[in-house]
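Each chain, written out:
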Amino acid sequence: MDYISLENIRCYSHHGCLPQETKIGSDYRVDLEVEADLSISAKSDLLKDTVDYVHLNKIVKEEMDIPSKLLEHVANRISNRILDELPSVQKLHVQVAKINPPLGGDVQSVKIGLRKSR
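Rules of the game
Residues numbered from 1 in each chain as written. Predicted model: local features only at pLDDT ≥ 70, side-chain atom pairs only at ≥ 80, totals over all residues. Heavy atoms only, no water. Axes fitted to C-alpha atoms, helices over the stretch in contact; angles between N-to-C directions. Helix = DSSP H or I, 4+ residues; strand = E, 2+ residues; numbered from the N terminus. Left-handed = near helix turned anticlockwise from the far one by under 90°. Contact = heavy atoms within 4.5 Å. Nonpolar A, V, L, I, M, F, W, Y, C, P; charged D, E, K, R; others polar. Salt bridge = Lys/Arg side-chain N within 4 Å of Asp/Glu carboxyl O. Buried < 20%, exposed > 50% of the residue type's maximum accessible area, 1.4 Å probe, protein only.

(A) Examining the packing of helix 3 (residues 53–64) against helix 4 (residues 71–85) more closely. With their axes 9 Å apart at the nearest point, helix 3 and helix 4 run at an angle of 145° to one another. At the point where helix 3 passes helix 4, the crossing takes the right-handed sense. When helix 3 is examined against helix 4, the residues His55, Leu56, Ile59, Val60, Glu62, Glu63 and Met64 are found in contact with a partner set consisting of Val74, Arg77, Ile78, Arg81, Ile82 and Glu85. For the contact of helix 3 with helix 4, the residue count by class is seven nonpolar, one polar and five charged.

In structure tokens, the structure reads:
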């Protein structure tokens, strides 16, 4: 299976269980890899024959704009929309990282990952 990756999609969002996290917000990073058959688009050179990474980025940005308590919830919404809107995607792996999480220590980020397939 072929794949398309979007790496380090940067977002400022309002996710978290603590009131200050949802009020103030923080920086997040999303990494996404989708698997699909890219053989047709490799031959045709037509956007309609591939998975449009602009569409993937739009889904990520829109879902990251909706506040959630858990990163797992955000990643699940992103995954479900991709599978609903892009039928050629067969599998995906999405990772959502909170940069400088409020853990009371020096932690660069905390990251969760979800894998889904049809």
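(B) Structural context of the pattern of salt bridges. Enumeration according to the criterion identifies eight salt bridges in this entry. Across the pair Glu62 and Arg81 runs a salt bridge, and its minimum N-O distance is 2.9 Å. Taken as a pair, Glu62 in helix 3 and Arg81 in helix 4 lie far apart in primary sequence, 19 residues in all. The class for Glu62 is partly exposed, based on a relative accessible area of 32%. The partner of Arg81 in a salt bridge is Glu85, with the nearest N and O atoms 2.8 Å apart. Here Arg81 and its partner Glu85 are both found in helix 4, four residues apart, which amounts to about one turn of the helix.

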